[in-house]
Number of protein chains: 2
Amino acid sequence: MRAVDIIVKKRDKGELTRDEINTFVTGFTRGDIPDYQVAAWAMAVLLNGMTPRETTDLTLAMAFSGQTLDLSGVVDIAVDKHSSGGVGDKTTLVVLPVTAACGLPVGKMSGRGLGFSGGTLDKMESIPGYRCDLTTDEFKTQLKEKGIVLTGQTLDLAPADGKLYALRDVTGTVQSLPLIAASIMSKKIAAGAQAIVLDVKTGNGAFMATLEQARELAGLMKLIGELAGREVVTLLSDMNQPLGFAVGNALEVVEAIETLQGGGPGDFREHCLHVAAQMLVLGRVVQDEAAARSLAGQAIADGRAFQQFRVLVEAQGGDVSYVDTPQKLPRAEFVQMVEAPRSGYLSQIEARAFGEMAVVLGAGRARKGDPIDHAVGLVIHHKVGDRVEKGDPLLTIHANDQEKLEEVLPVLLGAIKWSEQAPPRLPLFYE
Amino acid sequence: MRAVDIIVKKRDKGELTRDEINTFVTGFTRGDIPDYQVAAWAMAVLLNGMTPRETTDLTLAMAFSGQTLDLSGVVDIAVDKHSSGGVGDKTTLVVLPVTAACGLPVGKMSGRGLGFSGGTLDKMESIPGYRCDLTTDEFKTQLKEKGIVLTGQTLDLAPADGKLYALRDVTGTVQSLPLIAASIMSKKIAAGAQAIVLDVKTGNGAFMATLEQARELAGLMKLIGELAGREVVTLLSDMNQPLGFAVGNALEVVEAIETLQGGGPGDFREHCLHVAAQMLVLGRVVQDEAAARSLAGQAIADGRAFQQFRVLVEAQGGDVSYVDTPQKLPRAEFVQMVEAPRSGYLSQIEARAFGEMAVVLGAGRARKGDPIDHAVGLVIHHKVGDRVEKGDPLLTIHANDQEKLEEVLPVLLGAIKWSEQAPPRLPLFYE
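Counting from 1, residues in each chain are numbered in the order their sequence is written. To label them, take the chains in the order written and letter them from A, then take the ligands in the order written and number them from 1. Selection of residues for local features in this predicted model requires a pLDDT of at least 70, selection of side-chain atom pairs for listing and counting requires 80 or more, and totals for whole chains, interfaces and linings are taken over all residues. Side-chain measures here rest on the full set of heavy atoms in the structure, leaving out hydrogens and waters.

1. Quick look at unusual backbone geometry
Only a minority of non-glycine residues have a phi that is not negative, and only a minority of peptide bonds are not trans. All names here are of chain B. For Ala158, which is not a glycine, the phi torsion comes out positive at approximately 45 degrees. Numbered from the N terminus, helices here are DSSP runs of H or I no shorter than four residues, and strands are runs of E no shorter than two. Relative to the assigned elements, Ala158 resides in the loop between strand E3 (148-152) and helix H8 (159-170). Residue Arg284 is not a glycine yet carries a positive backbone phi of 60 degrees. Think of it in three bands: with a 1.4 Å probe and only protein chains considered, a residue is buried below 20% of the maximum accessible area for its type, exposed above 50%, and partly exposed in between. For Arg284, a relative accessible area of 54% puts it in the exposed group.

As structure tokens, this is what we get:
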């Protein structure tokens, strides 16, 4: 079976067999199939699509292209979560401590930010000393002993996905639902997940701009999960405005800590409780969602969730005094509060513009490997639907460069739309 | 302008600007744009197409990606011909001497055989000493002094086409009409052609299997020629049965010599006269096709065309005694005449099977760079529509390996179909 024949079959809208997909992924991973053949194949997949069966075979081939994590001796059931990425999405920082506090041990491998979307690891590294490079042995030991792990993906998991993603990034083949779904699911399966909560975000601050696309991606990943023998719950959540108020690494850690202590923005708290509840049900901690919500709420109320966050930070080498005294976290030199230029209702707060301006300030990366500034970012003090009076605090910009501050200010003001009548509030979840 | 943005534009069915195409071709030629980006782009072009304007810009960008041949001081009008490739297509060996004998100097760069399709250079190299590697200076000098040149493409012409073709070959992106048309036309333009006769072959022994595809390719190349300021005449010719009787290098040289001496198969002679006539009209030697046909016929009849072939062979270092005594040309060890197994009319002689079996015998290459055997090949003694009696000579196999001879025999017999009633003869040209 030659690589070019597999490319031609997909080019001609054929359905690839499991053998063909395995041959292609194995060859690519080993370096026997060169990048240019994979690039042509990826473009053919993007333009001609893949059936759910093909996508599942691709997912499994990539999942088993390197080492896999077997958590069967470590936890009763390995529950994982994944967010498709957005602006101000610090959910993992709250959900993991909450579920751990409720008796469901969770070990998660997260990613870094790229483009307008922030990354969980970048946020955690705002805390001095926090390590995101645990070895597989460290991962297992910590999960067994502490019941909570939050680290980066170790290099030997799903290497085919890493190689393919890097290639897709430079060949215009990122925006393919089968390739996106296979990428996400292969990493989760390689990391040992038996049950997964998938939070697919939709809106102008998400990779899936329309609800239809998000629904299709969610459905595809659920189907892959079923075909691959994994339990999958999918959520479709809104990303038309930032989640919570804060966008930026240390700023989001502060907001997560506030939420773990019972405060924080209402939308973000609600979002976290919902995700945590799904995980608790999947993990067989409780029977139904209502009981799970109540359990998660209690874990926050009585301080156990916050305590779990301290355990996590300490276990991974972080200086826990920064958790206890978040004022110690990196703080930007220029902090400018911007007042509302008018009175009215907020009808739109474009999440993507906030994400992009956070990158301009230095909170994110335009390119892989770029350094980031943990201190900088944005805080928007209201949500869509709020009534704001002229002169009220509207947003606060945290910058380490006065010029950049002045660059982002008009863009942010332009990304906020007003109306005279109260607009409908945005839903947290669509389905 | 980033390469990935150009890929994405074509992926999304956009029309690339001349600047974008120039940037892409220049970047690829220089090595600034890596193979994997070009491969993804080529697949997007194959699946989403290109407008004639885009294809023309691509053609010109590739034509001027390296050195170009300027024949303005060498000939009054540079007329070239191109065949899209077929089985038994030794047309150039006859047409060049004929046009040269009629007073139209012609310098042509030809290619080698690949797959079932033979190559002009391989045929000429059956003649010991014949050089296909003339330098540009040698090309010009010989064209000026002798009025006839037939050599290989020098390396510095249209390098972008060479690189792109090699990549298309291994990424399933050969079968794209815009890329095929741009490849052919860029080489012709780089080689200095001002007027071109394009012989697009169609049928089971051609790259364009259907008349519709062939017509589309011909139309596209004519349009490119017009947009690029070149005169183009397109012919659509049949390739459902081999052209002439002989398939194989030395065997075809013998057939070409016979034709130049006034003999040879009727279909092949007619084909050559038609192509030569088009060139003579394009070259302003005569006003109309009828006069051109008559002139070409005379050049064969009075021996001037054959004399020009001798001039060509001698000029390029070939041993002209092989032209005068074709029996000296390489001859296979096993020559087996196969008798007709039945009586009836020949209704089909599948050209592709003959081409493929010639490759099996060693007359062609499965892969670029494979060695070839000039002696071996096939001679079919009849054309579709002929009445043949059981026991009549049907075909002759020339092999240097008894096993291969026995391998090809049943395939060839299976590729010949019979009927009780006289079937219609195949046309030489469709339009």
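2. Remarks on the environment of Asp373(B)
Residue and element names in this part refer to chain B. Tracing the backbone through its elements, the reader meets Asp373 in the loop between helix H16 (351-361) and strand E9 (377-380). Counting along the chain gives 27 residues from Asp373 to Asn400, while the straight-line C-alpha distance between them is 8.6 Å. Contact definition: two residues touch when any of their heavy atoms are within 4.5 Å. Residues within four places of Asp373 in sequence aside, it is in contact with Asn249, Gly362, Ala363 and Asn400. Counted as a polar contact is a pair of N or O atoms within 3.5 Å, where, for protein atoms, one must be capable of donating a hydrogen and the other of accepting one, and residues adjacent in sequence contribute only when both atoms are in side chains. Within the structure, the side chain of Asp373 is placed 3.0 Å from the backbone nitrogen of Ala375, a separation counted as a polar contact. Within the local environment of Asp373, its side chain forms a polar contact with the side chain of Asn400, the two groups lying 2.8 Å apart.

3. Notes on the relation of the copies chain A and chain B
What sets the superposition is a least-squares fit of C-alpha atoms, and only residues with pLDDT of at least 70 in both copies go into it. Placing chain A over chain B gives an RMSD of 0.1 Å and needs a rotation angle of 180 degrees, together with 0.0 Å of translation along the axis. A rotation of that kind, with that shift, is consistent with a two-fold axis. When C-alpha positions in chain A are compared against the rotation axis, the closest is assigned to Tyr36(A), at 1.8 Å. Comparing contact sets, 100% of the residues at the interface of chain A also lie at the interface in chain B, consistent with an isologous, same-surface contact.

4. Here's the deal with a negative patch on the surface
Patches were defined on residues exceeding 30% relative accessible area and lacking a salt bridge, with like-charge contacts within 9 Å and nonpolar side-chain contacts (Val, Leu, Ile, Met, Phe, Trp, Tyr) within 5 Å. Per-residue accessibility takes into account occlusion by the displayed protein chains alone, with areas from the Shrake-Rupley method and a 1.4 Å probe. By salt bridge we mean one thing: a side-chain nitrogen of Lys or Arg within 4 Å of a carboxyl oxygen of Asp or Glu. Just so you know, the count uses Lys and Arg for positive and Asp and Glu for negative, and it drops His and the chain ends. The atoms used to mark charge sites are NZ of Lys, CZ of Arg, CG of Asp and CD of Glu. On the surface, Asp401(A), Glu403(A), Glu406(A) and Glu407(A) cluster together into a patch of negative charge. Take Asp401(A): it is sitting in the loop between strand E11 (393-399) and helix H17 (402-414).

5. A look at the pairing of strand E11 (residues 393-399) of chain B
Residues and elements named next belong to chain B. Judged by how many residues are buried, E11 sits mostly within the fold: 6 of 7 residues are covered. In the sheet, strand E7 (residues 334-339) pairs with E11 via 6 bridges, with the strands oriented antiparallel. The residue of E11 that forms the bridge with Glu339 is Pro393. Relative to E11, E9 is paired through 4 bridges, and the arrangement is antiparallel. Only strands that DSSP links by at least two bridges are regarded as paired with each other.

6. Some words on the environment of Gly31(A)
All names here are of chain A. Here Gly31 is to be found in the loop between helix H2 (18-30) and helix H3 (35-48). Assessed through its relative accessible area of 45%, Gly31 is described here as partly exposed. Separated by 132 residues in sequence, Gly31 and Lys163 place their C-alpha atoms 10.0 Å apart.

7. Quick word on the sheet that holds strand E5 (residues 231-238) of chain A
All names here are of chain A. An order of E1-E4-E5 is seen for the 3 strands of this open sheet, with the pairing classed as parallel. A strand with exactly one partner marks an edge of an open sheet, and here the two such strands are strand E1 (79-83) and E5. When strand polarity is set aside, the average angle formed by the axes of neighbouring strands in this sheet is 15 degrees. When strand E4 (residues 195-202) meets E5, the two strands line up parallel, connected through 8 bridges. Inter-axis angles, ranging from 0 to 180 degrees, are taken between N-to-C directions of lines fitted to C-alpha atoms, where helices are fitted over the stretch in contact.

8. What about the pattern of salt bridges?
Per the stated rule, a full pass over the model turns up 58 salt bridges over all chains. The closest approach of N and O atoms between Arg352(A) and Glu356(A), which form a salt bridge, is 3.9 Å. Separated by 4 residues within a single helix, Arg352(A) and Glu356(A) lie in helix H16 (residues 351-361), roughly one turn from each other. The class for Glu356(A) is partly exposed, based on a relative accessible area of 35%. Note that Asp89(B) and Lys201(B) form a salt bridge whose closest N and O atoms lie 3.9 Å from each other. Placement of the pair is Asp89(B) in the loop between strand E1 (79-83) and helix H5 (91-101) and Lys201(B) in strand E4 (residues 195-202), with a sequence separation of 112 residues. Since its relative accessible area comes to 0%, Lys201(B) is described here as buried.

9. As for the confidence of the model for chain A
Do not read the predicted coordinates in detail wherever pLDDT is low. Looking at chain A as a whole, the pLDDT averages 95, with 100% of positions reaching at least 70. This prediction of the complex comes with two scores: 0.86 for pTM and 0.84 for ipTM. Across the chain, each position has a pLDDT score giving the predictor's confidence in that residue, from 0 to 100.

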